[in-house]
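So the chains spell out like this:
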Amino acid sequence: MKTTLSPQALLIVKSSATLITQNDTKISTRMYEILFSKYPKVKKLFENAPANQYMKLAEILSAYAANIDRIERLKPALLVIAKAHVRLNIQPAQYPMIGMVLMQAIEETLGEKATPEFMDAWREAYKYISYILIEMERELYEQRKQKL
Ligand code: HEM
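It should be emphasised that the depicted structure is a prediction, and the values quoted were computed from it without experimental measurement. (Residues numbered from 1 in each chain as written. Predicted model: local features only at pLDDT ≥ 70, side-chain atom pairs only at ≥ 80, totals over all residues.)

## A word on the overall build of the chain
Right, so step 1: From N to C terminus, the chain includes six helices and zero strands.
Right, so step 2: Listed by position from the N terminus, the elements making up the chain come as α-α-α-α-α-α.
Right, so step 3: Radius of gyration (C-alpha) of the chain: 15 Å, near the 15 Å computed for a compact globule of 148 residues.
Right, so step 4: Here the C-alpha coordinates of the chain stretch approximately 50 × 35 × 25 Å along the principal axes.
Right, so step 5: In the chain, buried positions account for 25% of the 148 residues.
Right, so step 6: For the chain, contacts bridging at least 24 residues in sequence account for 83% of all contacts bridging at least 6. (Helix = DSSP H or I, 4+ residues; strand = E, 2+ residues; numbered from the N terminus. Rg over C-alpha atoms; globule rule 2.2 N^0.38 Å. Buried ≥ 20, exposed ≤ 12 C-beta atoms within 10 Å, placed from the backbone. Contact = placed C-beta atoms within 7 Å.)

What follows is the structure in structure tokens.
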């Protein structure tokens, strides 16, 4: 599990912030399309999700790119996400699946702008944000267990 981010990945992701913001809803819409066609069973998990779920994903993608060098600012937003995940019992083992479809959506949407270096940096950044969310979720599951 990736606990830090290389300076190179940080730089590439940070400088992609404008490009990501310009394309964030396209990327997130495409991500759900790919997710539900490749993994139809996952659709059930999202059956009570608000219609603007794809906007929420778009928002965090853009915010992440812009704030990757000052991640503390994102912690409140990430905690909201972690709580939503814990309500639905999301598990660490599901993260690679989302990572794969998200990377495919980024690559397809950005076309030739998604160079191999760019994709490597984003793959690394995905592992990093996953690590943060998984840790938050682990603590929330722990707290839930203690309340039982
Ligand atoms: C880095 C990875 C991920 C990011 C950035 C992310 C982002 C988000 C965001 C922004 C929300 C909306 C939270 C809110 O209610 O405000 C959300 C909810 C959700 N996510 Fe994730 N997510 C990630 C990984 C996963 C994984 C691995 C799964 C497993 C299938 C998943 C399934 C869901 C589901 C089912 C919801 C709740 C929908 C509802 O409101 O009913 N997510 N996620």
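## Points about the site of the ligand
Right, so step 1: Lining the immediate environment of the ligand, one finds 21 residues, of which Leu45, Ala49, Ala84, Gln94 and Ile98 sit closest.
Right, so step 2: Breaking the shell around the ligand down by element, the ones donating at least two residues are helix H3 (53–67), helix H4 (75–87), helix H5 (95–110) and helix H6 (116–147).
Right, so step 3: Of the residues in the shell around the ligand, the class split is 15 nonpolar, five polar and one charged. (Near = placed C-beta within 6 Å. Nonpolar A, V, L, I, M, F, W, Y, C, P; charged D, E, K, R; others polar.)

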